[in-house]
Amino acid sequence: MIKRTISSIALALGLAVATIPALASEGEGLAPAGTNIRDQASLQRGAKLFFNYCVGCHSLKYVRYSRLASDLGLSEEEVMTNLNFTGAKFGEPVISHMPADDAKTWFGKDPPDLSLEARAKGVDFIFNYLNSFYLDPTRPVGWNNTVFPNASMPNPLWELQGLQTAVHGEAAPGQEAVVEKLQISTPGRMSPEEFRGATRDLTAFLEYAAEPAALERQSIGVWVILFLAGLTFLLYLLKHEYWKDVHESH
Amino acid sequence: MANVFSRIGDWVNERAPNLAPTYRKHMTEYFAPKNFNLWYYFGSLALLVLVNQIVTGIFLTMNYKTSALEAFNSVEYIMRDVEWGWLIRYMHSTGASLFFVVVFLHMFRGIMYGSFKRPRELVWILGMLIFLVLMAEAFMGYVLPWGNMSFWGAKVIISLFGTIPYIGGSLVEWIMGDFLPADATLNRFFALHVIALPLVLLLLVVLHLAALHEVGSNNPDGVDVKHGPKGNKWNPEKPIDAIPFHPYYTVKDLVGVGFFLTIAAFIIFFAPTFGGWFLEHDNFTPANNLVTPSHIKPSWYFTPFYAILRMIPSFFGTAIWGVIGMFGAILLLALLPWIDKGEVRSVRYRGLGFRIALGVLVFSFLALGLVGAGVTAEVIPEWFPGADVTTWENAFGRLMVLGYFGFFVFVWVYTRFGFEKTKPVPERVTMHD
């Protein structure tokens, strides 16, 4: 009976676990981001890219400069001179200086805060999005994106990636041609391989920004689980000892 | 030192002479059948999770801001700036999901071993009331972070009351205190979530246990130990097949607690969102009444009932049938002691028909969960390219609704008209370990 009970629980758990990927894979057909937030150098490179190319428009309103320093292994001076270009104080959060009204005029919408973007959209989405900009003269700012069609955002990293153009397939009658693939028409400062690495770092930085606790969560978790496993074993021995009475009384 | 303790004990005893006998009645002299198996851990685990929810909840309220403008920010403040805030919040959010895991398993145990049957109907009814209050508690708690799924989930669920004829529209406004889920809704849900419903829940749990201790626990054999031979090594008048709850079941339950906490810790530290099942992606975006999430769905533990709601079509110009079906699904469970008229309690000695029906119930409940969570809508186009998703999903979902309600109809007919061929029930409990 016990065996059957255990196997039925295992089956139920298996069913539950089997359904996890169904919800987890929000964006289908996306290349895996392959980020590693435990790689501090990657986070530092990502932060550098963020503060050079993104913070002009996007805030990280839940992230403080001081927290960045301690989590990314940087000194206050390094953060204040290399990352903080807005004149904010060390303990203040990362707020973009772009006026909201101007943003609406220029892009048609207010650039969203990116503090939780990695948790809301997933890291794969961000990584693929950053790699999928292409020139599209029909769009107001001249850019389009295959991962997020008709995005209002131009490619901020074009000088690194170069200019991508779309190769369209045959258009079905009465429909617009589908983008088959993207190709670099004008090379940028980075090779395609280097650019993928750079966007991976940037994605990792946003993943960290979305949940700074993730840095310590797992390393604490290992000890907690080891402790609980040991405790469970001791409790089992305790139970075994007490239950000798019960088994004798048969 | 021991002398001090015994003097304190005497002092208390003199002033409250019934305290020690009450403790003995419910612990050291509460005799429970000795053959409890794995399924008997989930009651004490539910109590453990309840305590976890209350304690972590108290700490969360210390930094949470009850306001539509500040709620979302305050949750992120807890996650980032409050010392250990992330751990407390994950313990609370994981606890909410695990509460339903253990409660579902606890309820299944009751159905499987016939624990709801005479003389334990009151225990079962009180348990079903706990389940109902727990669902209200979880729903309101889910609204508090004020993410976009909080907002839209609240809007959809509260709108259900709008299907009630005549008063529906005004009822919805009365519940929300506004025309949309808004600041007023958030404030009243906070009040209900942190004080009103927990008080009701605690009271019901006390009554649930008190009612249980009046009649005594059932066991996997469904045998009445009270009617068997008397006299065990602890007490000559108590049933031979029963053992004192304390210390034997307290130490055994502690092993369950250890296992459970290890699994819970794994989720809390390594997969706190559980792939979007325990904390949804869309709830990391603040509430916005202008942006609808692509799939509005409730938390996973509501999805079977939500699927019943969605799968029952509206006719005679009203959608109330789905709402009736959803609440009916819970009501039928509560009425199980009067639907299942079989004399034999445990599935071990019941007829094949009951075993199959129980399997159908579990399968359709899990399948409805997948339908309600939108998994079938994702899987159908993958497995059957070119199939019409809505048609297939409705066909499958409605079949599962039939399976769920079919269980109750079948079991009533099966036991009321004597179709069940049971096996002989042993005189005494059988030990399997």
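The rules behind these values
Residues numbered from 1 in each chain as written. Chains lettered and ligands numbered in written order. Predicted model: local features only at pLDDT ≥ 70, side-chain atom pairs only at ≥ 80, totals over all residues. Heavy atoms only, no water. Core = buried A, V, L, I, M, F, W, Y, C linked by side-chain atoms within 4.5 Å. Buried < 20%, exposed > 50% of the residue type's maximum accessible area, 1.4 Å probe, protein only. Helix = DSSP H or I, 4+ residues; strand = E, 2+ residues; numbered from the N terminus. Domains from an automatic or database assignment. Contact = heavy atoms within 4.5 Å. Patch = residues over 30% accessible without salt bridge, like charges linked within 9 Å, V, L, I, M, F, W, Y side chains within 5 Å. Areas by Shrake-Rupley, 256 points an atom, 1.4 Å probe, with all protein chains shown as cover. Salt bridge = Lys/Arg side-chain N within 4 Å of Asp/Glu carboxyl O. Buried area = accessible area lost by both parts, 1.4 Å probe. Nonpolar A, V, L, I, M, F, W, Y, C, P; charged D, E, K, R; others polar. Axes fitted to C-alpha atoms, helices over the stretch in contact; angles between N-to-C directions. Parallel < 35°, antiparallel > 145°, perpendicular 65-115°, else oblique. Left-handed = near helix turned anticlockwise from the far one by under 90°.

Caption draft 1: Representation of the nonpolar core. Formed by 110 residues in total, the largest nonpolar core has its most connected members in Phe100, Phe131, Phe305, Tyr404 and Phe407 of chain B. Counting residues per element, this core draws most heavily on helix α6 (residues 121-143) of chain B, which supplies 13 residues. Three or more residues apiece are contributed to this core by two domains, here domain 1 (33-290) and domain 2 (297-433) of chain B. When sequence neighbours within four positions are dropped, the list of residues in contact with Tyr404 of chain B reads Phe305, Ile308, Ala329, Leu333, Leu361, Ser364, Phe365 and Leu368 of chain B. Grouped together as the second largest cluster of nonpolar side chains are 40 residues, Tyr65, Leu68, Leu114 and Ala118 of chain A included.

Caption draft 2: Inspection of a nonpolar patch on the surface at higher detail. All names here are of chain B. There is a patch of nonpolar side chains on the surface, built from Met1, Val4, Phe5, Ile8, Trp11, Val12 and Leu19 and spanning about 760 Å² of accessible area. With five residues, the top contributor of residues to the nonpolar patch is helix α1 (residues 2-15). In this fold, Leu19 is placed in helix α2 (residues 19-26). Take Leu19: its relative accessible area is 52%, and that puts it in the exposed class.

Caption draft 3: Looking closely at the interface of chain B and chain A. Counting residues at the interface gives 55 residues for chain B, matched by 51 residues for chain A. Carbon and sulfur atoms supply 68% of the area that chain B and chain A bury against each other, a total of about 4800 Å² over both sides. Counting the surface chain B buries against chain A, the share from its top three residues, Arg80, Phe269 and His281 of chain B, is 15%. In this structure, Asp81 of chain B engages Arg64 of chain A in a salt bridge whose closest nitrogen and oxygen atoms are separated by 2.8 Å. If you list the elements that add at least two residues to the side of chain B that touches chain A, you get α4 (71-80), α5 (85-112), α10 (245-270), α14 (352-372) and α15 (375-383) of chain B. At 16 residues, the largest contribution of residues to the side of chain B that touches chain A is made by α10 of chain B. Class assignment for the residues of the side of chain B that touches chain A results in 34 nonpolar, ten polar and eleven charged.

Caption draft 4: Broad picture of the packing of α5 of chain B against α6 of chain B. Residues and elements named next belong to chain B. Closest axis-to-axis distance for the α5/α6 pair is 12 Å, and the angle between their directions is 160°. The angle between the axes of α5 and α6 places the two elements in the roughly antiparallel class. Considering only the axes of α5 and α6, their crossing is left-handed. Counted together, Phe99, Phe100, Val103, Phe104, Met107, Gly110 and Ile111 of α5 and Trp124, Met128, Phe131, Leu134, Met135 and Ala138 of α6 form the full contact between these two elements. For the contact of α5 with α6, a count of residues per class yields twelve nonpolar, one polar and no charged.

Caption draft 5: Just the packing of helix α3 (residues 42-61) of chain B against α5 of chain B, in detail. All names here are of chain B. Across the interface, α3 lies against α5 with an axial gap of 9 Å and an inter-helix angle of 155°. With respect to α5, the axis of α3 lies roughly antiparallel. Two packed elements cross with a definite hand, and for α3 against α5 that hand is left-handed. In this structure, α3 contributes Phe42, Gly43, Leu45, Ala46, Val49, Leu50, Asn52, Gln53, Thr56, Gly57, Phe59 and Leu60 to the contact, and α5 contributes Ile88, Arg89, Met91, His92, Gly95, Ala96, Phe99, Val102, Val103, Leu105 and His106. Its residues assigned to classes, the contact of α3 with α5 shows 14 nonpolar, eight polar and one charged.

Caption draft 6: Spatial organisation of the domain arrangement of chain B. Residue and element names in this part refer to chain B. What the domain assignment reports for chain B is domain 1 (33-290) and domain 2 (297-433). One C-alpha centre belongs to domain 1, the other to domain 2; they are set 22 Å apart. Facing the 49 residues of domain 1 at the interface are 45 residues of domain 2. Both sides of the domain 1 and domain 2 interface together cover about 4000 Å² of buried area, and 70% of this is carbon and sulfur. Looking only at domain 1, the three residues that lose the most surface to domain 2 are Lys117, Asp221 and Trp277, adding up to 16% of its buried area.

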